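Coordinate inspection notes
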Amino acid sequence: MNSIEDPETSKPSWTSWRSHFESQRHRPLPMIRPCADMFEDHARELLIRSLGIFHLGECGEGRIVQQVRDAHLPGIDDDYRHSVGLFVREEGRHARMLQLMVRALDGDLARSNWTSRVFTVVRRLFGVRFKLLVLLVAEIIGLAFYGSLRRGLPHGSLRSAIGEMVRDERFHLEFHVEFFRTQATTTWSRLAYRSCLWSVGAGAATIALVDHARTMNAVGVRTPAVAKRIAGLLLAADRLVLSEPLVRTTSNPSTTAC
Ligand SMILES: [Fe+2]
Ligand SMILES: [Fe+2]
């Protein structure tokens, strides 16, 4: 992952993140040509199903924007708050891209799915930091699946569009990692971050691997390879946040990162 940091302080530059998201916001939607005939019926139906489930996951959680605006968190400023709004818009753009992909495959969008309902319920369980951690995990899952799917698809506009989402998700993951570097500054908050990251990550990965295994197999991607990719990204998110030296310690267990 590339880092957007203030070179003077080594702290995240939320102004740079705001500029990054601003620079991306006016991109037109890609043209995705009809591609139903590139797949056998079974693979096409599985692809439609999986892309439809990803579409439900990408259909924004607009409430996080207001929650971040109202929250009093250390290490953030108005540029961060504005960036979160732009990040949610970018996820909305992904949802529209996935809608175009399903149409290009001659399919209909799923109206609901149990995995997206589980994701929504877990996301709303605790406070704003837990919600942002669930979004970080969602980036990891999305990055692993989109990246794996892209490898398995034939060359064409569908594959290119998924490649574009992979590039965005890399930035999103880094954005959330930068946020948690500003939150995990005490013994307890680092412990909370690590526990939440691995427990939510393991649960989300298991659900997603079960739900999309047949689709991955249909495009020639082995499920263990996707699992390995998720584990590598979880490890990176762990190390990148917790590699910072401890700033201060506290005996207050209520100070948590999620
Ligand atoms: Fe996305
Ligand atoms: Fe994302």
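Residues numbered from 1 in each chain as written. Chains lettered and ligands numbered in written order. Predicted model: local features only at pLDDT ≥ 70, side-chain atom pairs only at ≥ 80, totals over all residues. Heavy atoms only, no water.

Topic: the overall build of the protein chain
In terms of regular secondary structure, the protein chain is built from nine helices and zero strands. Of the regular secondary structure in the protein chain, the N- to C-terminal order runs α-α-α-α-α-α-α-α-α. Taken over 258 residues, the protein chain has a buried fraction of 52%. Here the protein chain has roughly 12500 Å² of accessible surface; of this, 53% comes from carbon and sulfur atoms. (Helix = DSSP H or I, 4+ residues; strand = E, 2+ residues; numbered from the N terminus. Buried < 20%, exposed > 50% of the residue type's maximum accessible area, 1.4 Å probe, protein only. Areas by Shrake-Rupley, 256 points an atom, 1.4 Å probe, with all protein chains shown as cover.)

As for the coordination of the iron ion (ligand 1)
Expected angles at a metal are 109.5 degrees for tetrahedral coordination by four donors and either 90 or 180 degrees for octahedral coordination by six donors. Distances from the iron ion (ligand 1) to its protein donors, E58 (OE), E58 (OE), E91 (OE), H94 (ND1) and E169 (OE), fall at 2.1 to 2.3 Å. Along the chain, the residues donating to the iron ion (ligand 1) fall in the pattern E-x32-E-x2-H-x74-E. In this structure the iron ion (ligand 2) is found 3.4 Å away from the iron ion (ligand 1), and E91 serves as a bridging donor for the pair. Of this pair, E58 sits in helix 2 (residues 41-58) while E169 sits in helix 7 (residues 157-183), and the two are 111 residues apart along the sequence. Residue class for E169 comes out buried when judged on its relative accessible area of 2%. (Donors = N, O, S within 2.8 Å, 3.2 Å for Na, K, Ca; no water.)

Overview of the packing of helix 4 (residues 78-104) against helix 7
Relative to each other, helix 4 and helix 7 sit at 155 degrees, their axes nearing to 11 Å. Judged on the interaxial angle alone, helix 7 and helix 4 are roughly antiparallel. The way helix 4 lies across helix 7 gives a crossing that is left-handed. Touching Y80, S83, V84, F87, E90, E91, R93, H94, M97, L98 and M101 of helix 4 are L158, A161, I162, E164, M165, D168, E169, H172, F175, H176 and F179, all from helix 7. A breakdown of the residues in the contact of helix 4 with helix 7 according to their chemical character gives 12 nonpolar, four polar and six charged. (Axes fitted to C-alpha atoms, helices over the stretch in contact; angles between N-to-C directions. Parallel < 35°, antiparallel > 145°, perpendicular 65-115°, else oblique. Left-handed = near helix turned anticlockwise from the far one by under 90°. Contact = heavy atoms within 4.5 Å. Nonpolar A, V, L, I, M, F, W, Y, C, P; charged D, E, K, R; others polar.)

Structural notes on the pattern of salt bridges
The tally for this structure, following the rule as stated, stands at 11 salt bridges. With a closest N to O distance of 3.8 Å, R181 and E178 form a salt bridge. In this pair, R181 and E178 are both assigned in helix 7, three residues apart and thus about one turn of the helix distant. Residues R181 and E178 agree in their burial class; the two are buried. In this structure, the salt-bridge partner of R194 is D238, at a minimum N-O distance of 2.8 Å. Residue R194 is found in helix 8 (residues 187-218), and its partner D238 is found in helix 9 (residues 223-242); the two are separated by 44 residues along the sequence. The partly exposed category is assigned to R194, whose relative accessible area is 41%. Residue classification places D238 among the buried positions, given a relative accessible area of 5%. Where salt bridges share partners, they join R27, E90, R93, E164 and D168 into one cluster. (Salt bridge = Lys/Arg side-chain N within 4 Å of Asp/Glu carboxyl O.)

Description of the coordination of the iron ion (ligand 2)
Every protein donor of the iron ion (ligand 2) is listed here as E91 (OE), E139 (OE), E139 (OE), E169 (OE) and H172 (ND1), and their distances to the metal cover 2.0 to 2.5 Å. Mapping the donors of the iron ion (ligand 2) onto the primary sequence gives the spacing E-x47-E-x29-E-x2-H.

What about the confidence of the model for the protein chain?
Averaged over every residue, the pLDDT of the protein chain is 87; residues scoring 70 or more account for 85%. Considering each helix and strand of the protein chain separately, the mean pLDDT is smallest for helix 5 (residues 114-123), with a value of 67, and largest for helix 9, with 96. Here residues 247-257 scores under 50 on pLDDT; set against residues more than four positions off or in separate chains, the count is 22 contacts. (pLDDT = per-residue confidence, 0-100.)

Section: the packing of aromatic side chains
For the structure on display, the rule yields 13 aromatic pairs. Note on F54 and F145: the rings are 6.1 Å apart at their centroids and 50 degrees apart in plane angle, and the pair reads as tilted. Placement of the pair is F54 in helix 2 and F145 in helix 6 (residues 128-152), with a sequence separation of 91 residues. Judged by relative accessible area, which is 1%, F145 ranks as buried. (Phe/Tyr/Trp six-rings, centres within 6.5 Å; stacked < 30°, edge-to-face > 60°.)

A look at the side chain of D79
With respect to the helices, strands and loops of the structure, D79 is situated in helix 4. Here D79 falls in the buried class, since its relative accessible area comes to 17%. Within the structure, the side chain of D79 is placed 2.8 Å from the side chain of T15, a separation counted as a polar contact. Sequence-distant contacts of D79, that is, excluding residues within four places in its chain, are made with W14, T15 and R18. (Polar contact = N/O pair within 3.5 Å; in protein donor to acceptor, adjacent residues only side chain to side chain.)

Quick look at the nonpolar core
M101, Y193 and I230 are the most contacted members of the largest nonpolar core, which has 72 residues in total. Every element with two or more residues in this core is listed here: helix 1 (14-24), helix 2, helix 3 (63-70), helix 4, helix 6, helix 7, helix 8 and helix 9. If you tally residues by element for this core, the top one is helix 6, at 15 residues. If we skip the residues at most four places from it in the chain, I230 touches I140, I141, A144, F145, A205 and L209. (Core = buried A, V, L, I, M, F, W, Y, C linked by side-chain atoms within 4.5 Å.)

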